[in-house]
Amino acid sequence: MFPPMTTGYEGQDGSIGDKSLQFYQRIAQGGTGYIVLGDVAPVRTVTPTPKLFMDSQITSFQTLTKTLHEYGAKVAAQLFYPEYNVPEINALIAKAMSLQDPEQKALATKTAYAQMHHDMQHFATEATKSQLQQIKDALKACAQRCEKAGFDAIEIHGDRLLGSFSSAILNHRTDEYGGSLENRARFSLELIQELKSVLPEMIIEYKLPVITVNTDGSLRGKGGVTAEEAPEFAQMLEKAGVDFIQVAQANHTGDLSDTIPPRNSVPYAWTTPIAARVKQAVSVPVATVGWIQTPERGEEILNEGKADIIGYGRPLLADPDLPVKAEKGEKVNLCVGCNKACVGGLLSRRPISCIR
């Protein structure tokens, strides 16, 4: 599995252009069986991700799925909704851009982006039920476009907005969406049921973000459930109709090293023990991801029964031929965990790449 990643290769409107197509095509050429297109937004947003909010964009995504299918890969779209009030902030940014006076324009733009920063920490608590339904409707419409574009599956991005709802750290609601784990899971479960109602045949995957603990006792990530809550949350997801689950590291701290850790900051396959606990709790397939550096380690995890699907992110950036080389017994160019061109590229507002 090539897990969802922010690449920076999409067009300005979020459509799939030549660079994005070539990037994923190269992954498929190397033998990867399942590719997830990360962070597909259902609304027009300043977030630098793929976006599928208009029917006119379907064609570019259709080209992507058709191309990857030619190499035998299955393709999923990860549905992602930014954790802020998108319509309101879009209106604020548009108003700022219309101003003629440079000082007024700069101040209005700063004010708009400040609201976005505020919402990222508080929107899960402050969102109205009407806003939550608008979000679900936008995600359903996007999922239907994904089906028309030929995607084989939908992955629900359980981190970010949904992770904020499931997190006791970020969710301070006092209604039916806050408090107990059952309440914190409610928004995710409602979304799954609504997606199933409009796309009953579509495979639904859920990225389950888990807050882990560093060696010094500090928490890694905020937007997700604890390791202790993960098996119960996974059972709720299965009951709601999820077809398989990807267990991953929670983020929502603004620090990319949470989920893409540099070398020696976490053990190899550091989230796999949690995936193994989730796998014991559910009957649907479970994927694991997170610094699984070599093909051999992936095989060990499969043989030990800790997961059913192995996600390789940075290792496939370092060597997109990893699957075919492993099958042939050839030497693989291993990721060294430097984060210079992958994380470093994104932080420098450049497309993702690898120094190898």
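Up top you'll find the structure we're talking about.
Remember, it's a predicted structure, so these values are computed and weren't measured experimentally.

**Remarks on the overall build of the protein**
Across its full length, the protein holds 14 helices and nine strands. Scaling as 2.2 N^0.38, a compact globule of 356 residues should have a C-alpha radius of gyration of about 21 Å, and the protein matches this with 20 Å. On the principal axes, the C-alpha backbone points of the protein span a range of 60 × 45 × 45 Å. Pairs at least 24 apart in sequence give 70% of the contacts found in the protein among residues at least 6 apart. Approximately 15500 Å² of the protein is accessible, and the part contributed by carbon and sulfur atoms is 51%. Here the protein contributes 36 positively and 41 negatively charged side chains, and the mean placements of these two sets differ by 4 Å.

**What to know about unusual backbone geometry**
At arginine 160, a position not held by glycine, the phi torsion is positive, near 55 degrees. Mapped onto the fold, arginine 160 is located in helix α6 (residues 160-166). The class for arginine 160 is partly exposed, based on a relative accessible area of 22%. Unusually for a residue other than glycine, alanine 269 sits at a positive phi of about 50 degrees. Structurally, alanine 269 is set in the loop between β7 (244-249) and α10 (272-281).

**Here we look at the pattern of salt bridges**
Summed over the entire model, instances satisfying the criterion amount to 16 salt bridges. Glutamate 229 is the salt-bridge partner of arginine 184, the closest N and O atoms lying 2.7 Å from each other. With a gap of 45 residues between them, arginine 184 in helix α7 (residues 181-184) and glutamate 229 in the loop between β6 (225-226) and α9 (230-240) connect regions that are remote in the sequence. Several salt bridges converge on common partners, so that one network encompasses Lys136, Asp137, Lys140, Glu190 and Glu194.

**A short note on empty space enclosed by the protein**
Overall, the coordinates contain three cavities of 30 Å³ or more when judged by the stated rule. As a volume, the largest cavity reaches approximately 110 Å³. What lines the largest cavity is a set of 14 residues, and nearest its centre among them are Cys335, Cys338, Asn339, Cys342 and Cys354. Residues of the lining of the largest cavity, tallied by class, amount to nine nonpolar, three polar and two charged.

Cut-offs used in this document
Residues numbered from 1 in each chain as written. Predicted model: local features only at pLDDT ≥ 70, side-chain atom pairs only at ≥ 80, totals over all residues. Heavy atoms only, no water. Helix = DSSP H or I, 4+ residues; strand = E, 2+ residues; numbered from the N terminus. Rg over C-alpha atoms; globule rule 2.2 N^0.38 Å. Contact = heavy atoms within 4.5 Å. Areas by Shrake-Rupley, 256 points an atom, 1.4 Å probe, with all protein chains shown as cover. Lys, Arg positive; Asp, Glu negative; His and termini not counted. Charge placed at Lys NZ, Arg CZ, Asp CG, Glu CD. Buried < 20%, exposed > 50% of the residue type's maximum accessible area, 1.4 Å probe, protein only. Salt bridge = Lys/Arg side-chain N within 4 Å of Asp/Glu carboxyl O. 1 Å grid on protein atoms, 1.4 Å probe; cavity = no way out; pocket = protein on both sides within 12 Å on 5 of 7 lines; lining within 4 Å. Points joined across faces, edges and corners; volume = space filled by probe spheres on them. Nonpolar A, V, L, I, M, F, W, Y, C, P; charged D, E, K, R; others polar.

In short, geometric facts, not functional conclusions.
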